[in-house]
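Fold and contact review
These are the residues of each chain, in order.
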Amino acid sequence: MATENENNALELSRVAVRVPPFWRQNPRLWFIQLESQFVTSGISSDETKFHTLVGSMESGILNHVSHIVENPSAVNKYEVLKKALLDEFMESEEKRLRQLLENVCIGDKKPSALLREMMELSCGKMSKELLKTLWIQRLPSTTRAILSVSDDGVDKLAIMADKVHDQSDASGVVNAVSTKDEDRLMVLERQVSELLSKIDAFSFRGGQHEKRNSTHRSRSNSRSRSTSSVCWYHYKFGRKAKKCRSPCSFNSTENN
């Protein structure tokens, strides 16, 4: 019959466990995951569990429990090391409850996710009614008003609160889209108004320019007509002309 040491040696030689990185935020849940792998890998020996745990720990983690690693107990090595790690990294019950009462907020979480977080922090040390009251207090005012008319348990209220939360998010998206459309319309109206103003200004300047050109042409035509009614002699020699050929309006032009 094989001895316990021989069984441990066989177990160590045939088992390969993929230990996840140690989770400081929730070491209790990390140990649940680790021990689940022990079960699926067929590991039951305390010796194997202990060495698997030590071999998977980062140096910074082991440093907190170095006194146990360097001098393991004769029996229950794994359980002693596990307890030391939990004591070191698990928050005290008092600290958890204080955090539950003071620091937990919904943020961008769904109401059901907030409830799960609060239940985890309470560690079963708080009644459901008190937990329900604290949870509802941390919800948005609209959601609180809707839940206040229901006598359902906290689990059903969480489902209802999630639906209200999803509806509020959808309404927020619609409002955001509507606001953007209104902004675009205002910009377009302003651009059209500016364009019309430019067209009016251009038309006004064009009219003024045309009026000046018309006046200039009128004066030029007048001078041209005056010049064309003078005979060649007077046009060439003016007052010194010794001849004149009709029709000629030299004298009348001079008088003007």
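In this text the structure is predicted, and so the values were computed from the model without any measurement.

What counts and how
Residues numbered from 1 in each chain as written. Predicted model: local features only at pLDDT ≥ 70, side-chain atom pairs only at ≥ 80, totals over all residues. Heavy atoms only, no water. Helix = DSSP H or I, 4+ residues; strand = E, 2+ residues; numbered from the N terminus. Patch = residues over 30% accessible without salt bridge, like charges linked within 9 Å, V, L, I, M, F, W, Y side chains within 5 Å. Areas by Shrake-Rupley, 256 points an atom, 1.4 Å probe, with all protein chains shown as cover. Salt bridge = Lys/Arg side-chain N within 4 Å of Asp/Glu carboxyl O. Buried < 20%, exposed > 50% of the residue type's maximum accessible area, 1.4 Å probe, protein only. Axes fitted to C-alpha atoms, helices over the stretch in contact; angles between N-to-C directions. Parallel < 35°, antiparallel > 145°, perpendicular 65-115°, else oblique. Left-handed = near helix turned anticlockwise from the far one by under 90°. Contact = heavy atoms within 4.5 Å. Phe/Tyr/Trp six-rings, centres within 6.5 Å; stacked < 30°, edge-to-face > 60°. Polar contact = N/O pair within 3.5 Å; in protein donor to acceptor, adjacent residues only side chain to side chain.

1. Some details on the overall build of the protein
Looking only at helices and strands, one finds 13 helices and zero strands in the protein. Ordered by position from the N terminus, the helices and strands of the protein form the series α-α-α-α-α-α-α-α-α-α-α-α-α.

2. Thoughts on a nonpolar patch on the surface
On the surface, a cluster of nonpolar side chains totalling about 280 Å² of accessible area is made up of W23, L29 and I32. You can see W23 is positioned in the loop between α1 (4–14) and α2 (27–40). Looking at W23, the relative accessible area reads 38%, which means it is partly exposed.

3. Examining the packing of helix α8 (residues 111–122) against helix α9 (residues 128–137)
Their axes nearest at 10 Å, the elements α8 and α9 cross at an angle of 135°. As judged from the angle between their axes, α8 and α9 are oblique. For the pair α8 and α9, the crossing hand works out as right-handed. From α8, P111, L114, L115, M118 and M119 reach across to α9, where they touch L131, L134 and W135.

4. A few points about the packing of aromatic side chains
One pass over the full model with this rule turns up five aromatic pairs. Each ring, one from F22 and one from W30, has its centre 5.0 Å from the other, and the planes form 70°; the classification is edge-to-face. Side by side, F22 and W30 carry an identical accessibility label, which is buried. Look at W30 and F31: their rings are 5.0 Å apart centre to centre, the planes differ by 85°, and that puts the pair in the edge-to-face class. A single burial state applies to W30 and to F31, both of which are buried. Three or more aromatic residues joined by ring pairs form one cluster here, namely F22, W30, F31, F38, Y78 and F89.

5. Some details on the side chain of S150
As for its position among the elements, S150 is in the loop between α10 (141–147) and α11 (154–228). Reaching out from S150, the side chain makes a polar contact with the backbone nitrogen of D152 at a distance of 3.2 Å.

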